[in-house]
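# Tertiary structure, described
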There are 2 protein chains.
Amino acid sequence: MLKRTAPVFFALLCLWGPASITAMANTPEVDSPRSVILLIGDGFDDQHVTMGRNYLAGPDGTLLLDTMPIRGAVQVQTVDDEGNWVYVADSANTATTLATGVVTNIGRVGTGPSDEDVMTILEMAAAAGFGTGAVSTSSITDATPASFMAHVSKRICEGPETILGGEKYGLPFEGCYDDAKGNGGPGSIAEQILTSPVDVALGGGLLYFLEHLPDGQISLLNTAEQHNAAVITEPEKLLSPIPAEKRLIGLFAEEHLPVRWQGEDGRKAESPDPSWLNALDWRLGSVEQPAVMSCESNPEYGNTPSLATLTQVAIERLTATSQKGFFLVIESASIDKQSHERNPCGSIGEIAQLEEALNVALNYANQQQNTMVLVTADHAQAAQIVPEPSLYDAIPVPVYSPGKVARVRLDDGTIMRINYATNNFESEEHTGANVPLFANEAARDYVGTYMRQQDVFEAMARFLDLKTPTETDAL
Amino acid sequence: MLKRTAPVFFALLCLWGPASITAMANTPEVDSPRSVILLIGDGFDDQHVTMGRNYLAGPDGTLLLDTMPIRGAVQVQTVDDEGNWVYVADSANTATTLATGVVTNIGRVGTGPSDEDVMTILEMAAAAGFGTGAVSTSSITDATPASFMAHVSKRICEGPETILGGEKYGLPFEGCYDDAKGNGGPGSIAEQILTSPVDVALGGGLLYFLEHLPDGQISLLNTAEQHNAAVITEPEKLLSPIPAEKRLIGLFAEEHLPVRWQGEDGRKAESPDPSWLNALDWRLGSVEQPAVMSCESNPEYGNTPSLATLTQVAIERLTATSQKGFFLVIESASIDKQSHERNPCGSIGEIAQLEEALNVALNYANQQQNTMVLVTADHAQAAQIVPEPSLYDAIPVPVYSPGKVARVRLDDGTIMRINYATNNFESEEHTGANVPLFANEAARDYVGTYMRQQDVFEAMARFLDLKTPTETDAL
């Protein structure tokens, strides 16, 4: 956040509340709720869509999202510090573009390329009297949900301690100096979620809310009551009555929610093992491919609430919050995170979660026809479905991936081979393909078959009749 | 080809000709030509679409195909010899599915999984009185165009000598015993193209037509006149008057047509070069990334006719051939071939060719509104756009691709980095993502947002009111 733009931004924040609705937007009919449900599959590109379909429905079957009547492609947009195009994004800058319509730099959360705070569609919707929610299988302070609720220079500034910089994975990192409360800023992402207008925020991230405030006296969690927020950390509390006028923050894991599935015995993709002769000459010797694996339940998943449950709770509370409708963003976060970790079973389990959450969203949309349901991704990811065996299997030379490979057994006994080979590091790179867009019939007049990520923002804003950033800037 | 199905198939072939139109299909109005133009970008998945867009139009720009009003995804379908699903295809089996609606094994050309010949949409269209054409930047005997015009067990059986087996790249290969003329079969792909009803076939592949017939006396080329076919091999002959009643076969290269672009000084993707210290421990030392390259003209391209020119010639001849309309398949073949060779500039030049050919097709469709124009791919390919620099550039460890990398300079000076890392061999693997579908307004009632490749065949057959294979089998 740049301090110079803060006064304008906070002036806008002061407009929040029902009294200011008419000042911010033309209100649709009160008796006809109008809502947007945006589902983001993090890293959910066409390789992952197909992985999910092959595993969950078979190549002759259809995912629920395949049945949606509108399909398009969305160009991912990123610029560097000098404003030049960058061809591969991260979740922070792309979620910021989806949330604000502004194309920005990698790592930014709700801030433009000059570090200016940019109002998000969630904030605009709240200001216009809509209910608002964010649900994720990641920490709710993680880049994607955060970009709808907060404004910091760097995605790593998740809690009141983290924002001051420190060390992670043994490496020092800079915080977000100007954003820290002690420096007159709005605070870390967790602090901003507490002061944000969001009505429902459900996911993981307890760790960041347990961080202590700069005075060192109390953890952030203890300040929730001041902001009219009920914080729950046990899944069964989702069923307990919490007054509708309370904001609800659910934190069901220290960081990201555990994923539902893992590879057999916790295995991930592995390196093929060429013989010593092959190490001498690539045309000689043999290669041992990693053993086939099945997907199995992740023992750490336990009683983690599903994304569908969180979605259901969010929709129920939001329908009670505002008769006008709501804006809800839902993220299936670990398609990406598990692809970074080369765990196709983890990604596929998350795609199953996305499908279930989509089912909840479409059920609501079937009851309330002025509900736009969009499914898209923030960026493409590393995983590739590759031939099992190699296309060159008949050639008497050991052929194998230079990266890591998982050979996943499907229910019918066939094997789907997944390749991860974007780098030699412990975490794969994102990739730069355009990502899919799926939409329901209510979206037809608002979306195209080819859009840029900022066009997706525009479509949602138009659907809710919200003022876009350009119009807001003029206020 | 299986001999047991040959009599049925040849009985059907005998129905060709205007006299049999009414027996094969309900004829649309003669005064309103009804045509299908199918453009296949070989290997043209969303990574390649985005590579093309970024290079040719900029990430904020649009390709011509982005402006098409209908966009969907197509699931690629492949089975193994036992009928089990296989998750990555080749061009032969997928082109066969697009051409016939039958899901088959890798390497098959116009034959089903039991080696049975399956009538293609081009043959059905010809039998129903439509003009037919196939245009490609590959040899016209290569898998994709061949699958619309011929029926052999293996894609390698391109010429009368090749069909008998032999040696390629120093390795022995089996031919197609049952298909060979000497064994009572219909002959190689080139021989079948000569006897096929196709009105226009333009591309490369002269080599296979120069192969000698089993009697060893004359080359296949010399038999063209017997089949009412004019064969031209010089591009300027495309402009010379050739009687409309003649079939036209144009062979403008020995094998595939040279591609338009190459990497700077002929460079392709290269291996990053880690220091000796890094070879000892992956956390140490440094890495030298391949130097940035521009794309430049391929000096071998010379006066090669463009895909747009071939498309224009084909459409002009087909409109003269039949007032009823036509079926034309157009392949931009080397998106795939250059991706196998790790040459992104080669692929991008081919995407430019596809765009130009699409422009010709859409211009025709604008004049003749009952023209369905579809663009799709046969399968996904290896190339991935990866971050430049790595997402982990700030981490003090050398991070680099285990495969090969090309850092392509765009017109605005930015760099798009392309990764090829599906195997250690001399040719990359295909990949298994669903592929895009683009369609014009005339296709709206025939295509969906999600289809399988066999559904694309069905859509084209329905548009031309042709009998599908199931109906044909019943004859």
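Going by the structure above, here's the rest.
Here's a quick rundown of the structure.

Cut-offs applied
- Residues numbered from 1 in each chain as written.
- Chains lettered and ligands numbered in written order.
- Predicted model: local features only at pLDDT ≥ 70, side-chain atom pairs only at ≥ 80, totals over all residues.
- Heavy atoms only, no water.
- Phe/Tyr/Trp six-rings, centres within 6.5 Å; stacked < 30°, edge-to-face > 60°.
- Helix = DSSP H or I, 4+ residues; strand = E, 2+ residues; numbered from the N terminus.
- Buried < 20%, exposed > 50% of the residue type's maximum accessible area, 1.4 Å probe, protein only.
- 1 Å grid on protein atoms, 1.4 Å probe; cavity = no way out; pocket = protein on both sides within 12 Å on 5 of 7 lines; lining within 4 Å.
- Points joined across faces, edges and corners; volume = space filled by probe spheres on them.
- Polar contact = N/O pair within 3.5 Å; in protein donor to acceptor, adjacent residues only side chain to side chain.
- Contact = heavy atoms within 4.5 Å.
- Buried area = accessible area lost by both parts, 1.4 Å probe.
- Salt bridge = Lys/Arg side-chain N within 4 Å of Asp/Glu carboxyl O.
- Nonpolar A, V, L, I, M, F, W, Y, C, P; charged D, E, K, R; others polar.

## Section: the packing of aromatic side chains
Tallying each qualifying case throughout the model produces 12 aromatic pairs over all chains. Seen from their ring centres, phenylalanine 326 of chain A and tyrosine 364 of chain A are 5.3 Å apart, and the 45 degrees between their planes marks the pair as tilted. Of the two residues, phenylalanine 326 of chain A is situated in strand E14 (residues 326–332) and tyrosine 364 of chain A in helix H12 (residues 344–367); the sequence distance between them amounts to 38 residues. There is no split in this pair, since phenylalanine 326 of chain A and tyrosine 364 of chain A are both buried. Measuring from ring centre to ring centre gives 5.0 Å for tyrosine 446 of chain A and phenylalanine 463 of chain A, while their planes differ by 75 degrees; the resulting arrangement is edge-to-face. Taken together, the residues tyrosine 446 of chain A in the loop between strand E19 (435–439) and strand E20 (450–452) and phenylalanine 463 of chain A in helix H13 (residues 453–463) connect sequence positions 17 residues apart. One aromatic cluster is present, built from ring pairs that chain together Trp282 and Tyr392 of chain A together with Phe425 of chain B.

## Some points on empty space enclosed by the protein
Summed over all chains, the structure comprises five cavities of 30 Å³ or more. The space that makes up the largest cavity amounts to roughly 100 Å³. Around the largest cavity, the lining is made up of 14 residues, and of these Asp46, Gly72 and Ala73 of chain A together with Asp46 and Gly72 of chain B lie nearest the centre. Of all the secondary structure elements, the ones that give two or more residues to the lining of the largest cavity are strand E2 (70–75) and E19 of chain A together with strand E2 (70–75) and strand E21 (435–439) of chain B.

## Some thoughts on the side chain of threonine 100 of chain B
All names here are of chain B. Along the chain, the position of threonine 100 falls in helix H4 (residues 91–100). Look at threonine 100 and you get buried, because its relative accessible area is 0%. Polar side-chain contacts of threonine 100 include one of 3.0 Å to the backbone nitrogen of valine 102.

## Quick notes on the interface of chain B and chain A
The partner chain A presents 72 residues to the 72 residues of chain B that form the contact. For the pair chain B and chain A, the summed buried area comes to about 5,800 Å², and 58% of that belongs to carbon and sulfur atoms. At the junction of chain B with chain A, the criterion picks out two salt bridges. Two residues, arginine 452 of chain A and aspartate 60 of chain B, come together in a salt bridge whose shortest N-O distance is 3.3 Å. Connecting chain B to chain A are 42 residue pairs in polar contact (both at pLDDT 80 or more). Counting only elements with at least two residues in the side of chain B that touches chain A, the list comes to helix H3 (46–56), E2, strand E18 (384–386), strand E20 (415–420) and strand E22 (450–452) of chain B. Of the residues belonging to the side of chain B that touches chain A, the class tally is 35 nonpolar, 27 polar and 10 charged.

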